[in-house]
Amino acid sequence: MRSRCAAWLLGLALLFPATLLKADVPTVAAASDLQFALTEAAERFRAESGRDLRLNFGSSGNFRRQIRQGAPFELYLSADEAYVLALHEEGRTEDEGVVYAIGRLAWLQRPGRDDLPKEDDPLAGVREAISAQGAGQGRPRLALANPEHAPYGVAARQVLEHAGLWEATAPLRVLGENVSQAAQFALTSDARGGLVAWSLALAPAMAERSDHVLIPEAWHAPLVQRMALVKGAGETARAFYAWLQEEEGRAILADYGFRLPDESGGPDHPDASR
């Protein structure tokens, strides 16, 4: 009887750490411009550490509201650092976090057309859509993320305002709940194109079925992206947060067009962009 009990206890001792590791599967709230980059990063992290993650992609503003309301996220990667800083002020994150990337905006459209705008005139498609609608040639849609809660939507609006086209595009705009949905809208048959995250346009799955041209950074406010651990985060979330700041994680972000925070022209420490 005693030997059977000892064997049972030994079995529990061997299983308990593995059970704990398996149970520690944090939910990560990530801006949708990270859909492809962070998925690749999580797969690499999983292969190296044996730890799993649940990735939720959506608009940064919606995630900010959900975390404030107590949603059980452990790590938050925002496309607008202001949302992270606001959550820290409200006591929802462990600290102010770190700037992990600076994003870019691109014009995206269906492939195989002969009307891709030139680099020195990336909004030519927008003006063509406005002219077509004014001439009674239909309503070619222009896709962007909703500026009410999506940072890339805010940047897209700033670009159109910079060019004096915001008001004129009102009847043509179709808004995605986030920038990933806006990219899908930009490639539909009734769309002329859209203003979306460059990181999405560069992803192989998207590049195979689209063409794009980069929007000048000076046409919109910097897309400074910040991440932070939510209070109560577990060990796996902490490990992934640290891994993203190491060479391998940073290299993946760079592959998807993100400028890293210590590169020329970007913030070189967490507070530099404030």
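**Regarding the pattern of salt bridges**
Okay, so step 1: With the rule as written, the count across this model stands at 15 salt bridges.
Okay, so step 2: Among the salt bridges present, the one from aspartate 24 reaches arginine 51, with a minimum N-O distance of 3.5 Å. In this pair, aspartate 24 is assigned in the loop between helix 1 (2–23) and strand 1 (27–31) and arginine 51 in the loop between helix 2 (35–49) and strand 2 (54–58), connecting sequence segments 27 residues apart.
Okay, so step 3: For aspartate 24, a relative accessible area of 17% puts it in the buried group.
Okay, so step 4: Residue class for arginine 51 comes out partly exposed when judged on its relative accessible area of 22%.
Okay, so step 5: Residues arginine 44 and glutamate 40 are paired through a salt bridge, measuring 3.3 Å at the closest nitrogen-oxygen approach. Of this pair, arginine 44 and glutamate 40 both sit in helix 2, four residues apart, roughly one helical turn.
Okay, so step 6: When its relative accessible area of 32% is taken as the criterion, arginine 44 is described as partly exposed.
Okay, so step 7: The partly exposed category is assigned to glutamate 40, whose relative accessible area is 25%.

**A closer look at the sheet that holds strand 1**
Okay, so step 1: Pairing within the open sheet is mixed, and its five strands lie in the order 2-1-3-10-4. The open sheet has two edge strands, strand 2 and strand 4 (98–103), and neither has a second partner. With direction set aside, neighbouring strand axes in the sheet form an average angle of 15°.
Okay, so step 2: Strand direction decides the pairing type here: strand 1 and strand 3 (residues 75–78), joined by three bridges, are parallel. What sits directly across from valine 28, in strand 3, is leucine 75.
Okay, so step 3: Strands strand 1, strand 2 and strand 3 of the sheet are contacted by helix 2, whose axis makes an angle of about 175° with strand 2.
Okay, so step 4: Contacts from helix 3 (residues 60–68) reach strand 1, strand 2 and strand 3, with the element oriented near 150° to strand 3.

Cut-off values and rules
- Residues numbered from 1 in each chain as written.
- Predicted model: local features only at pLDDT ≥ 70, side-chain atom pairs only at ≥ 80, totals over all residues.
- Heavy atoms only, no water.
- Salt bridge = Lys/Arg side-chain N within 4 Å of Asp/Glu carboxyl O.
- Helix = DSSP H or I, 4+ residues; strand = E, 2+ residues; numbered from the N terminus.
- Buried < 20%, exposed > 50% of the residue type's maximum accessible area, 1.4 Å probe, protein only.
- Pairing = 2+ DSSP bridges.
- Axes fitted to C-alpha atoms, helices over the stretch in contact; angles between N-to-C directions.
- Contact = heavy atoms within 4.5 Å.

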